[in-house]
Structures are given as C-alpha cells and as structure tokens.
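Results of the structural survey
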Amino acid sequence: MKIDNHMKLEFAGIPENVSFARLVVVTFASQLDFTLDDLEEIKVAISEAVSNAIIHGYQNQPGGLVWIESSIRENCLEVVIKDEGVGISNIEQAMQPAFTTCQDRMGLGFSFMQSFMDEIEVQSVVNGGTRIRLCKSIKNLDHDANMEH
Ligand SMILES: Nc1ncnc2c1ncn2[C@@H]1O[C@H](COP(=O)(O)OP(=O)(O)O)[C@@H](O)[C@H]1O
Ligand SMILES: [Mg+2]
C-alpha cells in the first residue's frame, strides 16, 4: 500500500522532551510495516539526534527550540531533526566512533544513527545550527507483494 504522509513538530530543547519526541516519531512511523526491531532502532536514532541538539547544540541551556519533520514515502521513513545551536565545526570528525567533545560521554550517538538508519546526512553551520536527515527503509517488501494478489 502506498502512503504519503508528513508531520512537523516544534518543541523546547530540554531533556524532558527526548522521550516525547521519540515516541511521536515512532508512533508516526508505525503506519509503515516496520518490524518491532526496526521501530526500536528508529527510537534509538531519534533519541540520539534529539539529545545531541539539546546537550551539544544548546549546551544544556533551556530556551532553544528543536524541530522535527518526518515524511512517510512508499517504502521509507524520512526524519529531519534541526536545532539552532552552536553547530559542528568538523562534521567528519564528529561522526567518528568514540569522538566526543564532552569527556563524560561515549561519542557513539552518530554511530548508532548510522548503523540503525539506512541514510544519514549532516549539515551544520557554526553558531547557526545543525540539521540531521535520517532515512529508514522497509526491508521486507514481500509483504507488500503478497498483498497485491
Ligand atoms: N546538534 C549538535 N550540535 C552541536 N554539536 C553536535 C551536535 N550533535 C553532535 N555534535 C558534536 O558531535 C560529537 C559526537 O556526537 P555523538 O556521536 O552523539 O557523541 P556524544 O553525544 O556522546 O558526544 C559531540 O560530542 C558534539 O561535539
Ligand atoms: Mg550524542
């Protein structure tokens, strides 16, 4: 079945909203035929991206906003997470496993996003903000094929 759907969300960039944001995205995503494992992976990826916006982008200071836009296409989910925080000066370095600018962190957020989603695109402007685009496709297409008969 072909679905075209789209949503936009704006919320305060505070830690209380991480679980809210991931729940909204996963609820939206469940219109597609994702497996429970896929939905868990989407949850982790969204949590990591939203946490980064709050912890790094806004440096844990309240007052900033986070935006999420999500689209459902025929066989994939696209999610864009945006902040207007401090930005990333070296994106390639930031995405390396175990790289972090906070000593008490593990530096694995981008690694989780990369391994749990099929596409990741990072755009960032120092003192302008960061935009992460994530896509996850549906792997089991047999289901759709069977439905047509
Ligand atoms: N939205 C963001 N705004 C500013 N810096 C970011 C953002 N997201 C990630 N970063 C930078 O990229 C680094 C790596 O992020 P990540 O892989 O999630 O590891 P961690 O969050 O554990 O530091 C962060 O330490 C931070 O310097
Ligand atoms: Mg992180």
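Let us look at the structure shown here. This structure is a prediction, so every number in the text was calculated from the model and none was measured.

1. Remarks on the nonpolar core
Judged by nonpolar contacts, the single largest core of 36 residues is most densely connected at I42, I46, V50, I68, L77 and I81. Of all the secondary-structure elements, those providing two or more residues to this core are strand 1 (5-12), helix 1 (17-29), helix 2 (36-57), strand 2 (65-72), strand 3 (76-83), helix 4 (109-116) and strand 5 (129-137). At eight residues, the largest contribution of residues to this core is made by helix 2. With residues near it in sequence (within four places) discarded, I68 still touches M7, K8, L9, F11, A21, V25, I46, V50, V79, V80 and I81.

2. Focus: the site of ligand 1
In the vicinity of ligand 1 there are 18 residues, among which N52, H56, T100, T101 and G107 approach most closely. Between G109 and ligand 1, the recorded distance is 3.1 Å, taken from a backbone N or O atom to an oxygen atom. A distance of 3.0 Å separates an oxygen atom of ligand 1 from a polar atom in the backbone of F110. Surface burial for ligand 1 is 95%, taken as the share of its 530 Å² of free accessible area covered by protein chains. Counting only elements with at least two residues in the shell around ligand 1, the list comes to helix 2 and helix 4. The element best represented in the shell around ligand 1 is helix 2, accounting for four residues. For the shell around ligand 1, the residue count by class is seven nonpolar, nine polar and two charged.

How each quantity is defined
Residues numbered from 1 in each chain as written. Chains lettered and ligands numbered in written order. Predicted model: local features only at pLDDT ≥ 70, side-chain atom pairs only at ≥ 80, totals over all residues. Heavy atoms only, no water. Core = buried A, V, L, I, M, F, W, Y, C linked by side-chain atoms within 4.5 Å. Buried < 20%, exposed > 50% of the residue type's maximum accessible area, 1.4 Å probe, protein only. Helix = DSSP H or I, 4+ residues; strand = E, 2+ residues; numbered from the N terminus. Contact = heavy atoms within 4.5 Å. Near = heavy atom within 4 Å. Polar contact = N/O pair within 3.5 Å; in protein donor to acceptor, adjacent residues only side chain to side chain. Areas by Shrake-Rupley, 256 points an atom, 1.4 Å probe, with all protein chains shown as cover. Nonpolar A, V, L, I, M, F, W, Y, C, P; charged D, E, K, R; others polar.

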